[in-house]
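Architecture at a glance
Chain by chain, the residues run as shown.
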Amino acid sequence: MAQAVSAVELPELGIRRAGKVRDIYEVGDRLVLIATDRISAFDRVLGVIPFKGQVLNQLSAWWFERTRDLIPNHLLAVPDPNVMVVRRAQPLPVEVVVRGYITGVTRTSLWTLYAQGERRPYGIPLPDGLRKNDPLPHPILTPTTKAPSGAHDEVLTRDEILRRGLVPADLWERIEAIALALFARGQEVARQAGLILVDTKYEFGLMDGELVLIDELHTPDSSRYWLAESYRPGQEPESMDKEFVRAWFAARGYRGDGEPPQMPAELIREAAARYIAVYERLTGEPFRPGEQPAVERIRRNLQAFLNISG
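Read on for a plain summary of the structure. Worth saying up front: this structure is predicted, and the values here are computed from it rather than measured.

Another aspect to go through is helix α7 (residues 294-309). Relative to the 22 Å expected for 16 residues at 1.5 Å per residue, α7 spans 22 Å between its end C-alpha atoms, a close match to the ideal helical length. Ala294, Arg297, Ile298, Leu302 and Leu306 are the residues of α7 that are buried. Seen from one end, α7 has its buried residues packed into an arc of 145°, which puts them on one side. Residues of α7 that are exposed and point more than 90 degrees away from the buried face comprise Asn307 and Ile308. Where α7 is buried, its residues touch β2 (22-27), β3 (30-35), β6 (75-80) and β7 (83-87).

Listed below in structure tokens is the structure:
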């Protein structure tokens with residue numbers, strides 16, 4: 001825990017903008033995205049998990065390189081294990097969630113809505129008789145709003161997106177097709193790694209009028225992974241993602257309101273181990289922790305990169 005990165009203050013880069021997980025600096029026409037070890041769930045930051053930021057950063061970069069044939073992305077360089085330098089894009093105001101199974105414990109999850117009696121969540125008809133963690137007949141898109149830090153994402157339907165003019169109809173059709181193609185690619189890679197990609201979140205933006213993929217991709221934060229060998233219909237599989245932590249809080253009655261309980265050391269250690277395990281399974285490479293202390297390393301590597309790149 002002494003090595004966990006809760007924030008990265010680099011006043012020489014200007015004003016720090018803190019997201020739920022990333023610290024962001026604007027440098028000319030580029031953004032410096034620093035993945036900290038903060039963990040969020042229920043739209044709240046709940047603590048830190050050692051090495052989580054490095055896993056997210058390196059795994060996103062790995063996926064970005066392997067999906068460029070499907071859609072361009074904003075990645076320019078990875079000057080540090082916790083840092084991406086990206087091109088600035090105009091984010092679209094919708095988060096695109098693709099789901100292959102009916103599951104989840106958050107207020108916007110497919111299973112939560114279904115268990116409350118909703119049979120057309122996100123405007124998509126679902127049959128009676130589904131059990132938690134059942135596979136869906138085919139992957140579906142369940143978009144939400146992009147809430148600011150501290151606020152809750154809200155459920156959207158395709159019709160609402162178009163009626164409210166959040167995304168033009170022709171662009172939304174492209175997004176739907178690309179999101180499903182990305183998900184199929186992710187599921188196949190996960191299957192080969194002994195994992196199930198259950199659902200995931202994509203964020204898109206526009207760069208000089210071109211649609212690009214932004215933020216992160218197929219990480220244990222933005223995606224739900226199950227250990228394939230643990231999956232049995234109607235039972236709880238072994239989570240290899242943030243759901244492991246989210247479920248711990250939900251079991252104690254916390255779903256984003258009020259003061260959260262403090263994470264015990266055992267939960268933190270196990271969460272770190274699962275994040276690292278997902279990285280190693282997907283990439284086929286051993287996880288090598290970056291030099292410590294991380295903040296000083298990040299500052300040194302960024303200064304060198306920005307001086308070299310102008």
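As a further point, take the pairing of strand β5 (residues 44-48). With four bridges connecting them, strand β4 (residues 38-41) and β5 associate as antiparallel partners. Residue pairing for β5: Ile39 is matched across the bridge by Gly47. Hairpin remark: β4 followed by β5, antiparallel, with two residues in the connecting loop; positive phi at Phe42, about 55°.

This paragraph deals with the side chain of His218. Residue position: His218 is located in the loop between β13 (210-214) and β14 (223-227). Ignoring sequence-local partners within four residues, the contact set of His218 consists of Leu59, Trp63, Leu182, Gly186, Leu197, Thr200, Tyr202, Ser223, Tyr225 and Leu282.

If you trace the backbone, Gln187 turns up in helix α4 (residues 169-192). Owing to a relative accessible area of 27%, Gln187 belongs among the partly exposed residues under this scheme. Sequence-wise, Gln187 and Tyr225 are 38 residues apart; in three dimensions their C-alpha atoms are separated by 9.7 Å. If we ignore the near neighbours within four places in the chain, the residues touching Gln187 are Tyr101 and Leu197.

Position of His74 relative to the elements: it lies in the loop between α1 (52-65) and β6. Ignoring sequence-local partners within four residues, the contact set of His74 consists of Leu33, Phe64, Val85, Val86, Arg87, Met207, Leu213, Ile214 and Asp215.

Volume-wise, the second largest pocket comes out at about 160 Å³. What lines the second largest pocket is a set of 14 residues, among which Lys132, Glu236, Ser239, Glu243 and Ala247 lie closest to the centre. Residue assignment for the lining of the second largest pocket shows that the elements contributing at least two residues are β14 and α5 (243-251). Of all the elements, α5 adds the most residues to the lining of the second largest pocket, at three residues.

Side chains on a regular strand alternate between the two faces of the sheet. Burial of β2 is extensive: five of the six residues sit out of reach of the surface. Pairing between strand β1 (residues 17-18) and β2: two bridges, direction antiparallel. Residue pairing for β2: Arg17 is matched across the bridge by Ile24. By the bridge criterion, six bridges tie β2 to β3 in an arrangement that is antiparallel. Considered in β3, the bridge of Arg22 is made with Ala35.

This paragraph deals with the pattern of salt bridges. A complete count under the given rule lists 27 salt bridges for this structure. With a shortest N-O distance of 3.3 Å, Lys201 and Glu203 are connected by a salt bridge. By the burial criterion, Lys201 is buried, and Glu203 matches it. Each of Arg99, Asp199, Arg224, Glu243 and Arg246 takes part in salt bridges that share partners, so that together they form one network.

On inspection of all chains with the given rule, the structure shows one cavity of 30 Å³ or more. Taken as a whole, the largest cavity encloses approximately 60 Å³ of empty space. Lining the largest cavity, in full, are Gln3, Val5, Asp37, Phe51, Gln54, Asn82, Gln292, Ala294 and Arg297. Residue composition of the lining of the largest cavity, grouped by class: three nonpolar, four polar and two charged.

Another point: the sheet that holds β7. Spatially, the five strands line up as an open sheet ordered β1-β2-β3-β7-β6, and their pairing is antiparallel. Of all strands in the sheet, those with a lone pairing partner are β1 and β6, marking the two edges. The strands that α1 touches are β2, β3, β6 and β7; relative to β6, the one it contacts most, it runs at about 145°. α7 contacts β2, β3, β6 and β7 of the sheet and is inclined by roughly 135° relative to β6.

With 24 residues, α4 should cover 34 Å at 1.5 Å per step; its first-to-last C-alpha distance of 35 Å lies within 8% of that length. All of the buried residues in α4 are Leu171, Trp172, Ile175, Glu176, Ile178, Ala179, Leu182, Phe183, Gly186 and Ala190.

Analysis parameters
- Residues numbered from 1 in each chain as written.
- Predicted model: local features only at pLDDT ≥ 70, side-chain atom pairs only at ≥ 80, totals over all residues.
- Heavy atoms only, no water.
- Helix = DSSP H or I, 4+ residues; strand = E, 2+ residues; numbered from the N terminus.
- Expected span 1.5 Å × (residues − 1).
- Buried < 20%, exposed > 50% of the residue type's maximum accessible area, 1.4 Å probe, protein only.
- Arc of directions from axis to C-beta.
- Contact = heavy atoms within 4.5 Å.
- Pairing = 2+ DSSP bridges.
- 1 Å grid on protein atoms, 1.4 Å probe; cavity = no way out; pocket = protein on both sides within 12 Å on 5 of 7 lines; lining within 4 Å.
- Points joined across faces, edges and corners; volume = space filled by probe spheres on them.
- Salt bridge = Lys/Arg side-chain N within 4 Å of Asp/Glu carboxyl O.
- Nonpolar A, V, L, I, M, F, W, Y, C, P; charged D, E, K, R; others polar.
- Axes fitted to C-alpha atoms, helices over the stretch in contact; angles between N-to-C directions.

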